[in-house]
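What follows is the residue order along each chain.
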Amino acid sequence: MDDTLKDSWAPKGPVSKTIKERIQKAGKRFHANDNISEFIEEGEMEELQAEVQEKLQGVLDSLVIDTEHDHNTQETAKRVAKMYIKETFGGRFKPMPRVTSFPNMGYKSMYTSGPISIRSTCAHHFQNIVGKAWVGIIPNGEVIGLSKFNRIVHHIVERPQIQEEMTTQIAEELKKYAKTENIAVVVKAEHHCMTHRGVREHESDMTTAIMLGAFKQDQKITTDYDPGWTEGLMTAGVVTTAKVEMPDMDSGMTYAFGDLQMDLFSEQELRDKYPALQQAYEHYQSVLEVCKTKEREDNEN
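We now turn to the structure provided with this report. This structure is a prediction, so every number in the text was calculated from the model and none was measured.

**Thoughts on the side chain of Lys-148**
Thought 1: Relative to the assigned elements, Lys-148 resides in helix α6 (residues 146–157).
Thought 2: The residues touching Lys-148, leaving out its near neighbours within four places in the chain, are Arg-98, Val-99 and Thr-100.

**Observations regarding the packing of aromatic side chains**
Thought 1: Going through the model one piece at a time under the given rule, you end up with three aromatic pairs.
Thought 2: Between Tyr-84 and Phe-89, the aromatic rings sit 4.6 Å apart at their centres with planes inclined by 0°, giving stacked as the arrangement.
Thought 3: Tyr-84 gets classed as partly exposed once you look at its relative accessible area, which sits at 21%.

**So, unusual backbone geometry**
Note on backbone geometry: most residues besides glycine have negative phi, and most peptide bonds are trans.
Thought 1: Phi at Val-64 takes a positive value of approximately 60°, unusual for a residue other than glycine.
Thought 2: Mapped onto the elements of the fold, Val-64 is located in the loop between α3 (44–62) and α4 (76–88).
Thought 3: Here Phe-126, not a glycine, exhibits a phi torsion of approximately 55°, which is positive.
Thought 4: Along the chain, Phe-126 falls in the loop between β2 (111–122) and β3 (128–137).

**Considering the nonpolar core**
Thought 1: Core analysis: the biggest nonpolar cluster contains 28 residues, and Phe-149, Ile-170, Leu-174 and Val-185 have the highest contact counts within it.
Thought 2: Taken together, the elements giving at least two residues each to this core come down to β2, β3, β4 (142–144), α6, α7 (163–178) and β6 (183–191).
Thought 3: Here Phe-149 is in contact with Tyr-111, Ser-113, Ile-116, Val-135, Ile-137, Ile-144 and Leu-174, once residues within four sequence places are set aside.
Thought 4: Within the second largest apolar cluster, eleven residues are counted, among which are Ile-36, Ile-40, Leu-48 and Phe-93.

Definitions and limits used
- Residues numbered from 1 in each chain as written.
- Predicted model: local features only at pLDDT ≥ 70, side-chain atom pairs only at ≥ 80, totals over all residues.
- Heavy atoms only, no water.
- Helix = DSSP H or I, 4+ residues; strand = E, 2+ residues; numbered from the N terminus.
- Contact = heavy atoms within 4.5 Å.
- Phe/Tyr/Trp six-rings, centres within 6.5 Å; stacked < 30°, edge-to-face > 60°.
- Buried < 20%, exposed > 50% of the residue type's maximum accessible area, 1.4 Å probe, protein only.
- Core = buried A, V, L, I, M, F, W, Y, C linked by side-chain atoms within 4.5 Å.

Encoded structure:
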């Protein structure tokens, strides 16, 4: 009998097995934090959700929960399956949102975006990771739209993982889509596997930082745009102290600048070896002067 005809009569196995076989045939990885969307065909997401629902019902049964008569859990397996496939683990099963870039019209200094909300899942215990991310970029020939930073970050964090790998993935994807080697990412988050189980410690956050390109070569680069960004850099050891914090009376934004011990550098050394640091420091001085002037005017009024 023809193998094709014989296979057509064979019972269809679980869709997860079919997807897994495609991935293995392509020689690709399918770890918890990998995106496997290219191996999922039309209609299979619904089949996968139904399969996960069936397995979760088995988990509830093994936990000795009477889902037939307990009105609170009658739809739990269905809800959780939908949540895993379409929401909390959606970054595994959905392709990256479209990211368009635009010509850079000459801006060569650093800019930052954040805080960007982090809602991820610990791969060890499937508990929440909740926090914020800040990204810094020194662009080259192209730039991407501001909202695309959020979309890239959200797509990566919506999968089970550990924070260190999450931070690295964000940096690598930003480098690819923003088309620049000069990328910095800081993530600060609370892990519910620490707060809801184990030590049950509610005052311990985790901060991770990745510095690439100019940020790695000149680790004294910082910014005065956001105190959270400076806090992240301080935790990562890039700067030592948040020496100055001054509110901008108009925007409500707080400017912060790390203590970079500027007296250790000569003007010539700053110009030749640390141009980005020189530029950031000069901008910091001008912002500080504006804030002081506004503060004096407010006091006089």
